[in-house]
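Observations on the model geometry
For reference, the chains in residue letters:
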Amino acid sequence: MWYLEFLRMRRALTVYALILLGIALALVVGLQLGHVAVGNSVSFGPGGPSDVGFVYVTGGHETKRVAAKSLEFPLVWLVGVAGFLAIFFTAILGPSLNAESEHLDYVFTKPISRARLGASYVLVDVAGLLAAFLVGLVIAVIPLASIGILRFLFVDSAALPTFVLLLGMAFMWYGEKQAATGWYQGSGGKAGVVSIVVFSILSALAAVDLGPSFHATIIALNFLNPLAYLHSLTSQGGTVNEHTLLPVSMAWQIVLTWSIGVVCCAIAVAGWRRVEA
Amino acid sequence: MTLTTISVHDLTKRYGSFEAVSHLTLDVEPGSICGLLGPNGAGKTTAFKCILGLARPTAGSIAIEGAPVTPKTFETTAYVPERNVLHEWMTVGEHVELNRRSNPKHDPKRADELLATFKLDRRKKVKRLSKGQKTALMLILALSIRPRILVLDEPSSGLDPIFQRVVLDLMIDAAAGGATILFSSHQIGQVERAADRVAILKQGRLVLDGTVDELKGSQKIVEAIFEDSVPSLNGLAADARILRVERVGRVYRAYVREGGDEIARRLDALGPKSVSVLDLNLEDIFLNAVADAKSPEDTI
């Protein structure tokens, strides 16, 4: 039955990719028309790309000679953008186990165990989250390539752990939605909106000073909040910020997000297989 | 000894305080067609769901080919539910492909034949199909695994009379090929034509069960037509052998379990224009089975 979930995920990813592509193309047009402040094209000196000392940045009617070094940017920035988009995709994606509640007469009368059926849905969805991340990454490159600054991209050491953490956050959010709705026979389509509101409130409450015990409770609850892990990523590339919401290292955050995701998915499948049609 | 294909013993299913199915015992023999009849809310769908493991029985036991229902059961057992459970956003072809991938017994040639029979276009999305076409697609998916056991809940729902006949023929054809069929329908004519055996449910309880011939032979109608209005019947309707009475103008009908000739003689003594003892059809039997107890005005 992975085929069914594959079709559903392919449909969702197609819509997602088309929306991102539309945004990226709008950005490209904006950059080419010089409406975007960073300049709409970059050209090299007489020595070409090997002449790495300076580049010429054209924006509107003005051309500036700037140090190439100042244009360099790390991969983690792109990973951050793609990760944020993948998390958004996860948040609005309908929970797949709950989506089958109207079709249980159909899916539960196939010669496949319900646990295997549920697990196949989860595996396809996780592959879909990864695909959404990669689609975001590829599409984020388009506007940068259109103005010629992609060659200033460098791969930094923070990119990989940030990628794993952001994907873990998406997976955790996905798992929590599945666990909350998998056992439930009504429509779980609003779970995305509800989860965004709940997680945002939970993050905001962490900043409210209502006494140490309240704060400790909120921090504890925020370990279940995927958005709380976003606060821990700094613009320097994924190291733990001293003002972080969750007082644990990035490695622990990775372990926590993925572990919570796995446990929630297991709970979701266990609840779903007991649902009566 | 032949193993009973579907065996339901003392099945009860409660939802809170509501008892949807109550102490149902039913055996369906191999290669037979069993029709389950009952008014809306009688518990037919709930009984099917319990039989197929889609709902957990509160009490009782169920066996299919002598064993509890497991995923493997569905390699050879197909179910067509009453309501549309297809995915609206998928195409007909994608549903057929899903069936192929999820059941090793799927026969693509059979699926193609059935798609042609029901004139369904593989490229069409389910949301663009009529109610009858959706039912037809569910039937195609069920029949394309060439099931040994077929459970059909209102299989003719939404179909026009031509396709109702096609469904009937497909059921009879499947049974002729050795399949065991348990189905429910409000089309009593269809049940009478296809079923070897009929079970009638009322408020979750089995009120009548037997072969169509047995049931028809077990009851008679004694019909008396009077010159004027129906006279006082001197407590005739209180006779325990009379299941139900109808009075329409000058016509008096008594549905009797036995002793039809004797009741006819008693009515004849009241001087009617005519008295006759008639056979019942399945619709009469069904209406008798699900009708409320004789009301006081009937038992004059």
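Residues numbered from 1 in each chain as written. Chains lettered and ligands numbered in written order. Predicted model: local features only at pLDDT ≥ 70, side-chain atom pairs only at ≥ 80, totals over all residues. Heavy atoms only, no water.

Things to note about the overall build of chain A
When helices and strands are counted, chain A shows 10 helices and 5 strands. Counting only residues that meet the buried cut, chain A has 48% of its 277 residues in that class. Look at the contacts in chain A between residues 6 or more apart in sequence, and 73% of them connect residues 24 or more apart. Here chain A displays about 13200 Å² of accessible surface, and carbon together with sulfur accounts for 71% of that area. (Helix = DSSP H or I, 4+ residues; strand = E, 2+ residues; numbered from the N terminus. Buried < 20%, exposed > 50% of the residue type's maximum accessible area, 1.4 Å probe, protein only. Contact = heavy atoms within 4.5 Å. Areas by Shrake-Rupley, 256 points an atom, 1.4 Å probe, with all protein chains shown as cover.)

Side note on the overall build of chain B
A count of helical and extended segments in chain B gives 9 helices and 13 strands. In chain B, of all internal contacts separated by at least 6 residues, the share reaching a separation of at least 24 is 71%. Summed over its atoms, the accessible surface of chain B is roughly 13400 Å², and 49% of this surface lies on carbon and sulfur atoms. Both charge centroids of chain B, one from 40 positive and one from 39 negative side chains, sit 7 Å from each other. (Lys, Arg positive; Asp, Glu negative; His and termini not counted. Charge placed at Lys NZ, Arg CZ, Asp CG, Glu CD.)

Comments concerning helix α2 (residues 92-102) of chain B
Burial of α2 of chain B is extensive: 9 of the 11 residues sit out of reach of the surface. Within α2 of chain B, the full set of buried residues consists of V92, G93, E94, H95, V96, E97, L98, N99 and S102 of chain B. Where α2 of chain B is buried, its residues meet α1 (2-32) and α4 (104-107) of chain A together with α3 (108-117) and α4 (131-143) of chain B.

Overview of helix α7 (residues 191-205) of chain A
For α7 of chain A, built from 15 residues, the straight-helix expectation of 21 Å at 1.5 Å per residue is met to within 8% by its first-to-last C-alpha distance of 21 Å. Buried residues along α7 of chain A sit in contact with α2 (75-92), α6 (159-181), α8 (212-222) and α9 (226-230) of chain A. (Expected span 1.5 Å × (residues − 1).)

Side note on the interface of chain B and chain A
Tallying the contact residues gives 28 residues for chain B and 24 residues for chain A. Summed over both sides, the interface of chain B with chain A buries roughly 2500 Å², with 57% coming from carbon and sulfur. The largest contributions to the chain B side of the interface with chain A come from L54, R56 and W89 of chain B, which together make up 26% of the buried area. The tally of links from chain B across to chain A stands at 6 salt bridges. For D105 of chain A, the salt bridge is made with R83 of chain B, and the minimal N-O distance between the two is 3.9 Å. When contributions to the side of chain B that touches chain A are tallied by element, the ones reaching two or more residues are β1 (6-15) and α2 of chain B. In terms of residues, the side of chain B that touches chain A owes the most to one element, α2 of chain B, which gives 7 residues. (Buried area = accessible area lost by both parts, 1.4 Å probe. Salt bridge = Lys/Arg side-chain N within 4 Å of Asp/Glu carboxyl O.)

Here's the deal with the confidence of the model for chain B
Mean pLDDT for chain B: 90, with 96% of residues reaching 70 or above. Across chain B, element-level confidence peaks in helix α1 (residues 44-51) of chain B with a mean pLDDT of 97 and bottoms out in strand β11 (residues 242-248) of chain B with 84. (pLDDT = per-residue confidence, 0-100.)

A look at empty space enclosed by the protein
Tallied over the full model, the rule gives 1 cavity of 30 Å³ or more. Considered as a void within the structure, the largest cavity measures approximately 160 Å³ in volume. T109 and K110 of chain A together with Y79, L141 and A142 of chain B are the residues nearest the centre of the largest cavity, which is lined by 16 residues in total. When residues of the lining of the largest cavity are traced back to their parent elements, those giving at least two are α4 of chain A together with β5 (77-80) and α4 of chain B. (1 Å grid on protein atoms, 1.4 Å probe; cavity = no way out; pocket = protein on both sides within 12 Å on 5 of 7 lines; lining within 4 Å. Points joined across faces, edges and corners; volume = space filled by probe spheres on them.)

A word on the sheet that holds strand β9 (residues 205-211) of chain B
Residue and element names in this part refer to chain B. Spatial ordering of the open sheet is given by β5-β6-β7-β3-β8-β9, a layout of 6 strands whose pairing is mixed. Taken across any chain shown, the strands that pair with only one partner, and hence form the sheet edges, are β5 and β9. Each strand axis lies, on average, 15° off the axis of its neighbour in the sheet, ignoring direction. Sheet topology note: the strand β3 (residues 33-37)/strand β7 (residues 180-184) ladder contains 4 bridges and is parallel. From the neighbouring strand, G35 faces β7, where its bridge partner is F183. Packing against the sheet, helix α5 (residues 161-176) makes contact with β3, β6 (149-153) and β7, and its axis sits at approximately 150° to β7. Taken strand by strand, helix α9 (residues 282-290) contacts β3, β8 (197-202) and β9, and its axis lies near 30° from that of β8. (Pairing = 2+ DSSP bridges. Axes fitted to C-alpha atoms, helices over the stretch in contact; angles between N-to-C directions.)

A closer look at the sheet that holds strand β2 (residues 18-28) of chain B
Residue and element names in this part refer to chain B. Within the open sheet, the 3 strands sit side by side as β2-β1-β4. Their pairing is antiparallel. Each having just a single partner strand, β2 and β4 (59-64) make up the two edges of the open sheet. Taken pair by pair, the neighbouring strands of this sheet meet at an average axis angle of 20°, ignoring direction. Together, β1, β2 and β4 form the strand contacts of α1, whose direction differs from that of β1 by roughly 115°.

Some remarks on the nonpolar core
Ranked by size, the top nonpolar core spans 155 residues in total, and within it V107 of chain A together with F118, I181, F183, V198 and I200 of chain B carry the most contacts. For this core, the element with the highest residue contribution is α6 of chain A, accounting for 12 residues. Contacts of I200 of chain B, omitting those with residues within four sequence positions, involve L37, R205, L206, V207, L208, I285, F286, A289 and V290 of chain B. One finds F226, V245, Y252 and A264 of chain B within the second-largest nonpolar core, a separate group that totals 15 residues. (Core = buried A, V, L, I, M, F, W, Y, C linked by side-chain atoms within 4.5 Å.)

Describing the pattern of salt bridges
Scanning the entire structure with this criterion turns up 29 salt bridges over all chains. A salt bridge links D105 of chain A to K49 of chain B, with the shortest nitrogen-to-oxygen separation between them at 2.9 Å. One end of the pair, D105 of chain A, is in helix α4; the other, K49 of chain B, is in helix α1, on a second chain. With relative accessibility at 2%, the residue D105 of chain A sits in the buried group. Across the pair E97 of chain B and R100 of chain B runs a salt bridge, and its minimum N-O distance is 2.8 Å. Residue E97 of chain B and its partner R100 of chain B are located together in helix α2, separated by 3 residues, close to a single helical turn. Owing to a relative accessible area of 41%, R100 of chain B belongs among the partly exposed residues under this scheme. Salt bridges sharing partners connect three or more residues here, namely E102 and D105 of chain A together with K49 and R83 of chain B.

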